[in-house]
Amino acid sequence: MRLKNLESELQVVAGFDKPKIQLEQYCTTPHLAARMLYTAHTVYDDIESKVIADFGCGCGILSIAANLLDSNYNLALDIDNDALQIAKENCSEFEVDVEFILADLISTSTDHLQNKVDTIVMNPPFGTKNNEGIDIIFLKKAIEIATTSVYSLHKSSTREYIREKAKNWGVECEVLAEMKFDIPMMYKIHKKKSVDIEVDFIRFAKKSF
């Protein structure tokens, strides 16, 4: 599947009915989702025939994209049951199989996933709504679980901090692209119709010795 076709397919993925600001529920756009998964697939061979997990899956767009690129098995985890219901409906529309797991990644053990997931893709909360550091918690858990690689979006302003964390954890960290995350007017606190947030698309990989 070509990149433009993948992005076109993802245009019909439904978003949140009632997004929850405390969970930083912003939908990953089809543009970002397509580029994330297409890069992981075509450049690194990290999607096709692999077991993929999406941490903080939201409406399920990353899991759907992985399926469209012929992943072998998909897991989608989220703390919000309402989000999982939307994700299930979206996956049903695409007729793709995903195992959904209701889980709080901060407090829930993920030991049962050890050695069972090849690649993790995610758009974690940035940690700007009284949950500072949650992006690092997501990232650390993902790196602990994935046997091969983690693909994640992070605010570009945190790049050096993320790189230092990756170094301390003994994993390779490669910024694959600088991208714009378009956040529309979704909550009462928003004063503008939309805001572009600069984000880094990063690949983390276990070092081979």
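To keep things clear, this report deals only with the structure shown in the data block. (Residues numbered from 1 in each chain as written. Predicted model: local features only at pLDDT ≥ 70, side-chain atom pairs only at ≥ 80, totals over all residues. Heavy atoms only, no water.)

## Looking at the pairing of strand β2 (residues 73-78)
Formally: For every residue, the accessible area obtained with a 1.4 Å probe (protein chains only) is divided by the maximum for its type, and the residue is called buried under 20%, exposed over 50%, and partly exposed between those limits. Elements are defined by DSSP. Helices are runs of H or I of four residues or more, strands are runs of E of two residues or more, and each kind is numbered from the N terminus. Looking down the strands as they point away from you, a crossover is right-handed if its path from the first strand over the helix to the second goes clockwise. Two strands are counted as paired when DSSP detects at least two bridges linking them.
The element β2 is largely enclosed, with a buried count of five among its six residues. Between the parallel elements strand β1 (residues 51-55) and β2, the chain passes through helix α3 (residues 61-68) in a crossover that is right-handed. Both β2 and strand β3 (residues 99-102) contribute to a ladder of four bridges, which runs parallel. Counterpart to L75 in the pairing with β3 is E99. Considered for its hand, the β-α-β crossover made up of β2, helix α4 (residues 81-94) and β3 is right-handed.

## Some details on the environment of D70
Note the cut-off: Whether two residues touch is decided by their heavy atoms; if any such pair falls within 4.5 Å, the residues are in contact.
The residue D70 is located in the loop between α3 and β2 in this model. As for D70 and M1, which are separated by 69 residues in sequence, their C-alpha atoms are 9.8 Å apart. When sequence neighbours within four positions are dropped, the list of residues in contact with D70 reads I47, E48 and S49.

## Comments concerning the state of the cysteines
Keep this limit in mind: When two cysteine sulfur atoms are found within 2.5 Å, that pair is recorded as a disulfide.
Taken as a whole and assessed by the stated rule, the structure comprises zero disulfides. The cysteine C27 is free of any disulfide, with C59 supplying the nearest cysteine sulfur at 3.9 Å. Using a relative accessible area of 31% as the deciding quantity, one classes C27 as partly exposed.

## Here's the deal with the packing of helix α5 (residues 134-145) against helix α6 (residues 159-169)
Short version of the rule: Whenever a helix is involved, its axis is fitted only over the stretch in contact; in every case the axis is a line through C-alpha atoms, and angles between N-to-C directions fall within 0 to 180 degrees. By definition, turning the near helix anticlockwise from the far helix through less than a right angle yields a left-handed crossing, and turning it clockwise yields a right-handed one. Note on residue categories: nonpolar means Ala, Val, Leu, Ile, Met, Phe, Trp, Tyr, Cys or Pro, charged means Asp, Glu, Lys or Arg, and polar means any other residue, Gly included.
For the pair α5 and α6, the least separation of the axes is 12 Å and the interaxial angle reads 35 degrees. The interaxial crossing formed by α5 with α6 has right-handed handedness. On the side of α5, the interface is formed by I136, L139, K140 and I143, while α6 contributes Y161, I162, K165 and W169. Taken together, the residues of the contact of α5 with α6 sort by class into six nonpolar, no polar and two charged.

## Side note on unusual backbone geometry
Most peptide bonds are trans, and most residues other than glycine sit at a negative phi. A positive phi angle is found at D70, which is not glycine, with a value near 70 degrees. Positive phi outside glycine occurs at N115, with the angle close to 65 degrees. Turning to its location among the elements, N115 is positioned in the loop between β3 and β4 (119-122).

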